[in-house]
Amino acid sequence: MKRALFVANLDSFHKNFHIPYVRRLQEHGYEVELVSTGSVDFSGIAKKHDIKFGRTPINRQNIPAFKQFRKLVKSKYYDIIYFSAPVIGAVGRIALIGTKHGRVIYSAHGYSFYKNNPDGNGKYIFIEKNLCRLTDCTFTMNKEDYEAVQELKFPCKEIYNVDGVGVDLSVFSKVTQDEKLSLRNQYGYNPKDFILIYPAEFTERKNQGLLLEAMSRLRKRHANVRLLLLGRGIKEDDYKRYAKQLGVDDVVHFLGYRNDVNQLLKMSDVLFASSTNEGLPINMMEALATGLPVVATNTRGQNDLIKDGYNGYLFELNEPDVASDRVCRLIEDKVLYETMSDNAVESSKKYDIRVVAPQYDKVFGI
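The shown structure was predicted, so the numbers you read here are calculated from the model rather than taken from an experiment. (Residues numbered from 1 in each chain as written. Predicted model: local features only at pLDDT ≥ 70, side-chain atom pairs only at ≥ 80, totals over all residues. Heavy atoms only, no water.)

Considerations on the overall build of the protein chain
Counting its regular elements, the protein chain contains 15 helices and 13 strands. By the compact-globule yardstick of 21 Å for 366 residues, the protein chain fits well, its C-alpha radius of gyration being 21 Å. For the protein chain, the spread of C-alpha atoms along the three principal axes comes to 65 × 40 × 35 Å. Residue burial in the protein chain is summarised as follows: out of 366 residues, 54% are buried. Contacts spanning at least 24 positions in sequence make up 68% of the contacts within the protein chain whose residues lie at least 6 apart. Summed over all atoms, the accessible surface of the protein chain reaches about 16700 Å², with 49% contributed by carbon and sulfur. Counting 52 positive and 45 negative side-chain charges, the protein chain places the averaged centre of each group 6 Å from the other. (Helix = DSSP H or I, 4+ residues; strand = E, 2+ residues; numbered from the N terminus. Rg over C-alpha atoms; globule rule 2.2 N^0.38 Å. Buried < 20%, exposed > 50% of the residue type's maximum accessible area, 1.4 Å probe, protein only. Contact = heavy atoms within 4.5 Å. Areas by Shrake-Rupley, 256 points an atom, 1.4 Å probe, with all protein chains shown as cover. Lys, Arg positive; Asp, Glu negative; His and termini not counted. Charge placed at Lys NZ, Arg CZ, Asp CG, Glu CD.)

Okay, structure coming up:
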């Protein structure tokens, strides 16, 4: 029997993104093993190997992880080895040097080099280009990354672009007005509130401070605007202090990590996104499928999903005034809002898991 190995840091990454593709390989006769840490019960998986990689390149945890992973890949042959995070992809591919396996795949969920990167791109390009020599297939998820690896002539045997990881449109779908009002009653929100939502880790990259600045302008024009920020992260306390400093802490709700994102999206009106760069954000696909117009920064990955004026609006990173103006347009023009909501749902169909999954057949070589 053919054997495949999916490598990630956390069980939740496999659970949230890899399971449809694990099942697809199993249907093609593969026995699938996982590498990750956590306590998720993966039924139907041949084996899970508990190896904990560091989250950053210089994390000392990568030393024992390298040794454990190398021992694993020297002990048995895999027809497919699939990496899907920068640090794991680097440590794991280096650990494969001198071993013999089948197809080595790297999924770029968003390269560390990108347009207008304040940290510079040279070192990231150098690293990724050399790691590509250890890779049979690299695939990207947005236009900017795909064009970059072509222009930079990455020495990979095969390079593809796919439409993300797919969304289950049976879970994320547009609700009726009555259903939305029922959810608002359940969660304690007023039917007249205009609710903005952003499910994202609190980090520099997610850049929630920009949303707080926009909210300080928005509340002066519309007192009923609320912003829901979902997630945890190293910048959470900083952003809470900033919200208080700006005087918007009463209309910005920090809800922490949530397992009910689909329900919170359904009771909301707009996805408000501020990231400095993305791969192809699944939270945005889910929002579109739920019928939420998106107001987002005009950055990599996000501008793949949003067509300005069609299913949302794009604004630049230093433009909180423009961001607040675009939200106001959607608040004040009900016909515009409904048109964009319908367009959001229509644009999400491209990312249905049933449409996206077959794109991975060329990646896996099946």
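Overview of the nonpolar core
The biggest cluster of nonpolar side chains holds 85 residues, and the ones touching the most others in it are Phe-6, Phe-194, Leu-196, Met-215, Phe-272, Tyr-360 and Phe-364. Ranked by size, the runner-up nonpolar core spans 28 residues in total, among them Val-35, Ala-65, Val-73 and Val-149. (Core = buried A, V, L, I, M, F, W, Y, C linked by side-chain atoms within 4.5 Å.)

Looking at the packing of aromatic side chains
Taken as a whole and judged by the stated rule, the model has 17 aromatic pairs. With a centroid separation of 6.1 Å and an interplanar angle of 45°, the aromatic rings of Tyr-82 and Phe-139 are classed as tilted. Of this pair, Tyr-82 sits in strand β4 (residues 80-83) while Phe-139 sits in strand β6 (residues 137-140); the two residues are 57 residues apart in sequence, bridging distant segments of the chain. Of the two residues, Tyr-82 and Phe-139, neither departs from the other in class, the shared state being buried. Arranged with centres 5.9 Å apart and planes meeting at 40°, the rings of Tyr-82 and Phe-364 form a pair that is tilted. Highlighted residues: Tyr-82 in strand β4 and Phe-364 in helix α15 (residues 360-364), separated in sequence by 282 residues. (Phe/Tyr/Trp six-rings, centres within 6.5 Å; stacked < 30°, edge-to-face > 60°.)

A short note on helix α2 (residues 62-75)
Spacing of three or four residues puts side chains on the same side of an α-helix, whose turn is 3.6 residues. In this model, α2 (14 residues) spans 20 Å end to end at C-alpha, consistent with the 20 Å of a helix rising 1.5 Å per residue. Looking at α2, one finds that the buried residues are Asn-62, Ala-65, Phe-69, Leu-72 and Val-73. Projected down its long axis, α2 carries its buried residues within an arc of 90°, all on one side. α2 presents Ile-63, Lys-67, Lys-71, Lys-74 and Ser-75 as exposed residues on the side facing more than 90 degrees away from its buried surface. Buried residues belonging to α2 abut β1 (2-10), β2 (30-37), β3 (47-50), β4 and α3 (86-95). (Expected span 1.5 Å × (residues − 1). Arc of directions from axis to C-beta.)

Some points on the sheet that holds β1
One open sheet accounts for 7 strands, arranged β3-β2-β1-β4-β5-β6-β7; its pairing is parallel. Every other strand in the sheet has two partners, leaving β3 and β7 (158-161) as the edge strands with one partner each. In this sheet, adjacent strand axes meet at a mean angle of 20° when their direction is disregarded. Seen against the sheet, helix α5 (residues 143-151) touches β6 and β7 and runs at an angle of roughly 155° to β7. (Pairing = 2+ DSSP bridges. Axes fitted to C-alpha atoms, helices over the stretch in contact; angles between N-to-C directions.)

Some details on the side chain of Ser-341
Looking at where Ser-341 falls in the secondary structure, it is placed in helix α13 (residues 334-348). Setting aside residues up to four positions removed in sequence, Ser-341 forms contacts with Lys-174, Gly-291 and Pro-293.

Describing unusual backbone geometry
Within the chain, Asn-116 stands out as a residue other than glycine whose phi angle is a positive 60°. Looking at the secondary structure, you find Asn-116 in the loop between β5 (103-107) and α4 (122-131). Positive phi is not limited to glycine here, since Lys-153 has a value of about 55°. Considering the arrangement of structural elements, one finds Lys-153 in the loop between α5 and β7. Judged by its relative accessible area of 66%, Lys-153 is exposed.

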